[in-house]
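Each chain, letter by letter, is given below.
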Amino acid sequence: MEERYDEYYEEEEYNEIDIMALVRKLFSNWKKLLVWVGIAAVLGLIIGYSIPRTYTASAELAPEIVQKSSSSMSSLAALAGVNLNNMTVTDAMYPDLYPEIVNSVPFRIELFSMPVTLVEKKDTVKTDMYDYLLNYNKSPWWSSVIGFPFKVLGWVKNIGKEKEDEVSGHSEVDPYHLTLEQGKMVKALGESISIAVDKKTYLISIATTAQNPKVAADLCQLVVANLQKYVVNYRTEKSRHDLAYYQQLNEQAQKEYYDAQQRYARYVDANQGVVFQRVLIERERLQNEANLKYQVYNTTAQQVNNAKAKVQMETPVCAVIQPPTIPLKRAAPSKAKILVAFMFLGFCFGAVWYLWGKDLVAKLRGKDEEPETPTEA
């Protein structure tokens with residue numbers, strides 16, 4: 001037992017000596033570590049000032065949760081022995097689907113035509129969102145350096161090939177077949193928009209990012225408006241189709257009623273003072289036909305009014321709790337965080353180099369320079 005305790009204490013003392021040796025080794029090279037940290041700080045400042053500023057605008061929505069009663073089906077279900085009196089059917093347009101709507105390609109394409117006003121070198125430039133992302137969105141200098149070899153490779157591949165007429169811009173965008181440029185703009189716009197749904201309260205949070213604060217706020221406002229319009233169109237689609245159908249029937253019934261009324265009036269004017277029985281019977285027939293057409297016209301007019309009320313009743317209310325505002329402070333980059341992160345990484349790399357890396361390189365070089373012993377003949 002005493003031998004085991006001695007081995008344990010010796011191992012613990014050995015580990016403590018190793019740790020203290022590493023600490024002393026770091027303190028002996030503290031000046032060199034400061035050089036590493038200084039170089040990393042300079043790199044951090046270069047990176048921080050090279051990343052373009054971005055601003056984030058946000059908004060919060062509270063959608064209406066619609067639950068439709070299934071009482072209209074209760075009589076049919078009763079025949080099968082099922083009770084639907086206490087059951088409700090939730091609408092298919094659930095808030096969990098809102099992120100899928102915003103991330104869809106057709107929804108993003110609708111945002112391309114958003115007007116954008118910029119001040120470039122004291123000149124006011126009026127353009128749209130597509131052109132802004134394509135020509136006015138800045139990128140770090142290293143993205144051009146990294147992308148240059150791929151551009152050269154693309155030029156080499158296209159040598160000897162016939163140039164195809166490629167559609168550029170968003171005037172003629174086919175969501176089914178996007179060009180390479182349009183696909184990049186759809187992706188860039190998707191990266192600028194984020195949406196989240198609270199599972200408990202179904203509160204919808206929308207955030208948009210742009211290099212211009214006003215563009216960020218305008219984009220957020222347009223996303224909110226288009227999302228509201230999409231939900232309203234979905235919820236009222238069936239009712240609006242019914243309304244259009246009833247309006248068509250009403251217009252046709254009105255025309256038939258007016259025609260029957262005119263026929264009756266012309267016949268009465270043409271037979272003033274005539275007391276023949278056949279004339280009286282024809283006049284009564286025309287009057288009954290006009291009355292019947294009026295009843296149909298009156299019924300279709302009531303159906304039109306009911307359909308309008310149904311459209312209004314099924315129009316959802318998506319309350320804007322927090323409207324978007326123009327951000328006053330940039331969201332990124334945080335130069336202080338980048339500087340601290342690079343200084344920490346510089347210290348870590350320097351510590352690893354002086355603790356293990358330098359010795360490892362020296363050992364490898366020593367093995368390479370070790371002369372081979374001649375073999376005896």
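Residues numbered from 1 in each chain as written. Predicted model: local features only at pLDDT ≥ 70, side-chain atom pairs only at ≥ 80, totals over all residues. Heavy atoms only, no water.

Draft legend 1. Spotlight on the environment of Pro115. Here Pro115 lies in strand β4 (residues 115-120). Taking the C-alpha atoms as reference points, Pro115 and Thr127, 12 residues apart in sequence, are found 5.9 Å from one another. (Helix = DSSP H or I, 4+ residues; strand = E, 2+ residues; numbered from the N terminus.)

Draft legend 2. Spatial organisation of the packing of helix α6 (residues 129-136) against helix α8 (residues 180-191). The geometry of α6 relative to α8 is characterised by a closest axis approach of 10 Å and an angle of 95° between their N-to-C directions. With respect to each other, α6 and α8 are oriented roughly perpendicular. Where α6 abuts α8, its residues Met129, Tyr130, Leu133 and Leu134 lie against Glu181, Gln182, Met185 and Leu189. Taken together, the residues of the contact of α6 with α8 break down into six nonpolar, one polar and one charged. (Axes fitted to C-alpha atoms, helices over the stretch in contact; angles between N-to-C directions. Parallel < 35°, antiparallel > 145°, perpendicular 65-115°, else oblique. Contact = heavy atoms within 4.5 Å. Nonpolar A, V, L, I, M, F, W, Y, C, P; charged D, E, K, R; others polar.)

Draft legend 3. View of the pairing of β4. Bridge count for β4 against strand β5 (residues 123-128) is six bridges, and the pairing is antiparallel. Residue pairing in the sheet places Val116 in a bridge with Thr127 of β5. Here β4 folds back onto β5 in antiparallel fashion, the turn holding two residues, of which Lys121 has a positive phi close to 55°. (Pairing = 2+ DSSP bridges.)

Draft legend 4. Expanded view of α8. Its 12 residues give α8 an end-to-end C-alpha distance of 17 Å, which sits within 8% of 16 Å, the value for a rise of 1.5 Å per residue. Among the residues of α8, Gln182, Met185, Val186, Leu189 and Gly190 are the ones counted as buried. Each buried residue of α8 lies within a common arc of 135° when the element is viewed along its axis, so the set occupies one face. Of the exposed residues in α8, the ones pointing more than 90 degrees away from its buried face are Leu180, Lys184, Lys187 and Glu191. (Expected span 1.5 Å × (residues − 1). Buried < 20%, exposed > 50% of the residue type's maximum accessible area, 1.4 Å probe, protein only. Arc of directions from axis to C-beta.)

Draft legend 5. Region of the structure containing the side chain of Gln182. Of note, Gln182 is situated in helix α8. Within polar-contact distance, the side chain of Gln182 engages the backbone nitrogen of Thr179 at 3.2 Å. (Polar contact = N/O pair within 3.5 Å; in protein donor to acceptor, adjacent residues only side chain to side chain.)

Draft legend 6. Broad picture of the nonpolar core. Within the largest apolar cluster, 37 residues are counted, with the highest numbers of intra-cluster contacts made by Met129, Ile206 and Leu227. Ranked by residue count, the leading element in this core is helix α9 (residues 213-235), at nine residues. Other than its neighbours up to four places away in sequence, Met129 contacts Leu111, Phe112, Met114, Val116, Leu189, Val215 and Leu219. (Core = buried A, V, L, I, M, F, W, Y, C linked by side-chain atoms within 4.5 Å.)

Spatial relationships are all this shows, so hold off on functional conclusions.
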